[in-house]
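# An overview of the molecular structure
Given next are the chains, with one letter for each unit.
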Amino acid sequence: MLITWWYLYLAARSVAEQSKYCCCFSLRMASVLHKLITPLISGPPEPPRNKVTVVGVGQVGMACAVSILLRELADELALVDVVEDKLKGEMMDLQHGSLFLKTPKIVADKDYSVTANSRIVVVTAGVRQQEGESRLNLVQRNVNIFKHIIPQIVRYSPDCIIVVVSNPVDVLTYVTWKLSGLPMHRVIGSGTNLDSARFRFLMADKLGIHSSSFNGWILGEHGDTSVPVWSGTNVAGVNLQTLNPNIGTDFDEENWKETHKMVVDSAYEVIKLKGYTNWAIGLSVADLTESLMRNMNRIHPVSTMVKGMYGIGDEVYLSLPCVLNSGGVASVVNMTLTDEEVAQLQGSASTLWDIQKDLQDI
């Protein structure tokens, strides 16, 4: 009995000493902080003014996040995903590189409260198409995911601009608009901003110039029915169609039309080679984020509501040249298109509407 009490005494003494040590250590730490820094402002810290959230930390989501960080566009970056271990790992990896970045705060959580007060929310989450799965079924599965994501985003950041990247991007941008209740100019799809970048690179490469020196647009669906605006292609104001009236047609002996086919096939080719696409779309999204965050009034081909334009009567999101600023899509440029290009744009809209009209629960 005496031995038992002795052991209890030793255990209690050990706990007391540990507690005393922790208390003294805490006081020493607090003392260092208080000696080092004299606060001049009381109250809670200033909220972020240029916060960006990325939903989904897969390959595309992280490429978007890194591209945005490297452009120094955000004073806070929030990451959200349902896979907690990967989410925490990505957050820690970025935090450990904070010395080399100009974004002072990087946070992550599966709870959407971490996204509060975001100016821009980039949505990359979604499921991939399974072998043999119809496009409608794929979209419907993503709709079910977006029904959880979008209301949470709007709850914590009611004044945000949502940039949808998940595919099929045009349909899911429409779904986001419906689920969010936000005005259409604050719901944007990444659309053909990347398609146009691919087009400009491939065309410029054939001409031996930098991609920024070739001007050309891909409009419509981000996908197989995208519309190359051959009538507007130019270099330094020189319209290529005046040099080759058959450019982009089946009668073109130089077969420039093949360039658009390469644009459409680009993603399939990259996926075949490396398993996924991420860097180009990440850079594209950062470019859009810059125009929005910095109120630049730059023109991008992004997915927006096109009902009433070019004879399109259905509520669909398609890519047209849009002026982007801090309010979202400020305006749409009325391009002078040929009859054939307008018909192709209408066909692109019909393709998307055929999928949208059968969606459930939006």
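Residues numbered from 1 in each chain as written. Predicted model: local features only at pLDDT ≥ 70, side-chain atom pairs only at ≥ 80, totals over all residues. Heavy atoms only, no water.

## Details of the overall build of the protein
- Along its length, the protein carries ten helices and 14 strands.
- Relative to the compact-globule value of 21 Å for 362 residues, the protein shows a C-alpha radius of gyration of 26 Å, a clear excess of over 25%.
- C-alpha extents for the protein along the principal axes are approximately 105 × 45 × 40 Å.
- Counting every position in the protein, which comprises 362 residues, the buried fraction comes to 44%.
- Long-range pairs, those at least 24 residues apart, make up 69% of the contacts in the protein between residues at least 6 apart in sequence.
- Surface summary for the protein: the accessible area is close to 19200 Å², and the carbon and sulfur share equals 57%.
- Side-chain charges in the protein split into 31 positive and 37 negative, and the spacing between the mean points of these groups amounts to 12 Å. (Helix = DSSP H or I, 4+ residues; strand = E, 2+ residues; numbered from the N terminus. Rg over C-alpha atoms; globule rule 2.2 N^0.38 Å. Buried < 20%, exposed > 50% of the residue type's maximum accessible area, 1.4 Å probe, protein only. Contact = heavy atoms within 4.5 Å. Areas by Shrake-Rupley, 256 points an atom, 1.4 Å probe, with all protein chains shown as cover. Lys, Arg positive; Asp, Glu negative; His and termini not counted. Charge placed at Lys NZ, Arg CZ, Asp CG, Glu CD.)

## So, helix α2 (residues 59-70)
- Between the first and last C-alpha of α2 there are 17 Å, a value that for twelve residues agrees with the 16 Å anticipated at 1.5 Å per step.
- Buried within α2 are the following residues: G61, M62, A63, C64, A65, S67, I68 and L69.
- Looking at the buried residues of α2, the elements they touch are β1 (51-55), β2 (76-80), α3 (84-95), β3 (105-108), β4 (120-123) and α9 (279-293).
- Just beyond α2, the residue with positive phi is E72, at close to 60 degrees. (Expected span 1.5 Å × (residues − 1).)

## Some remarks on the packing of helix α5 (residues 169-180) against helix α10 (residues 339-356)
- It is at 10 Å that the axes of α5 and α10 come closest, and there the two elements cross at 55 degrees. Taken as axis vectors, α5 and α10 run oblique relative to one another. Taken as a pair, α5 and α10 cross one another with a handedness that is right-handed. On the side of α5, the interface is formed by D170, V171 and Y174, while α10 contributes L352, I355 and Q356. (Axes fitted to C-alpha atoms, helices over the stretch in contact; angles between N-to-C directions. Parallel < 35°, antiparallel > 145°, perpendicular 65-115°, else oblique. Left-handed = near helix turned anticlockwise from the far one by under 90°.)

## A closer look at the packing of aromatic side chains
- Summed over all chains, the structure comprises four aromatic pairs.
- Aromatic side chains Y174 and W177 sit 6.2 Å apart centroid to centroid with 55 degrees between the ring planes, which places their arrangement in the tilted category. Of this pair, Y174 and W177 both sit in helix α5, three residues apart, which is roughly one turn of the helix. Note on accessibility: Y174 and W177 belong to one class, buried.
- Residues F199 and F214 carry aromatic rings whose centres are separated by 5.8 Å and whose planes lie at 80 degrees to one another, so their mutual orientation is edge-to-face. Residue F199 is located in helix α6 (residues 193-207), and its partner F214 is located in strand β7 (residues 214-215); the two are separated by 15 residues in the primary sequence.
- The class of F214 is buried, set by a relative accessible area of 0%.
- Its end group placed over the ring of W256, K206 keeps NZ or CZ at 4.6 Å from the ring centre. (Phe/Tyr/Trp six-rings, centres within 6.5 Å; stacked < 30°, edge-to-face > 60°. Lys NZ or Arg CZ within 6 Å of the ring centre and 35° of its normal.)

## Section: the side chain of D252
- Its location among the elements puts D252 in the loop between α7 (240-243) and α8 (257-274).
- No salt bridge is formed by the buried D252; its nearest oppositely charged neighbour, K206, is found at 7.6 Å.
- For D252, the side chain forms a polar contact with the main-chain nitrogen of E254, separated by 3.0 Å.
- Not counting residues within four places of it along the chain, the set of residues in contact with D252 comprises N244, N246, I247 and K257. (Salt bridge = Lys/Arg side-chain N within 4 Å of Asp/Glu carboxyl O. Polar contact = N/O pair within 3.5 Å; in protein donor to acceptor, adjacent residues only side chain to side chain.)

## Structural notes on the side chain of S284
- Counting through the fold element by element, S284 comes out in helix α9.
- The contacts of S284, once residues within four sequence positions are left out, are N193 and L194.

## Some remarks on the nonpolar core
- I153, I162, L318, L337 and L345 are the most contacted members of the largest nonpolar core, which totals 46 residues.
- Elements supplying a minimum of two residues to this core: β2, β4, α4 (135-156), β5 (161-164), α5, β13 (317-325) and α10.
- Ranked by residues supplied to this core, first place goes to α4 with seven residues.
- The contact partners of L318, leaving out residues within four places of it in the chain, are D170, G220, E221, V302, S303, T304, V306, I312, L345, S348, A349 and L352.
- Grouped together as the second largest cluster of nonpolar side chains are 35 residues, L79, A108, V285 and M293 included. (Core = buried A, V, L, I, M, F, W, Y, C linked by side-chain atoms within 4.5 Å.)

## A word on the environment of N295
- Tracing the backbone shows N295 in the loop between α9 and β12 (298-305).
- If sequence neighbours within four positions are ignored, N295 has contacts with E290, N325 and S326.
- One polar contact links the side chain of N295 to the main-chain amide nitrogen of S326, over a distance of 3.1 Å.

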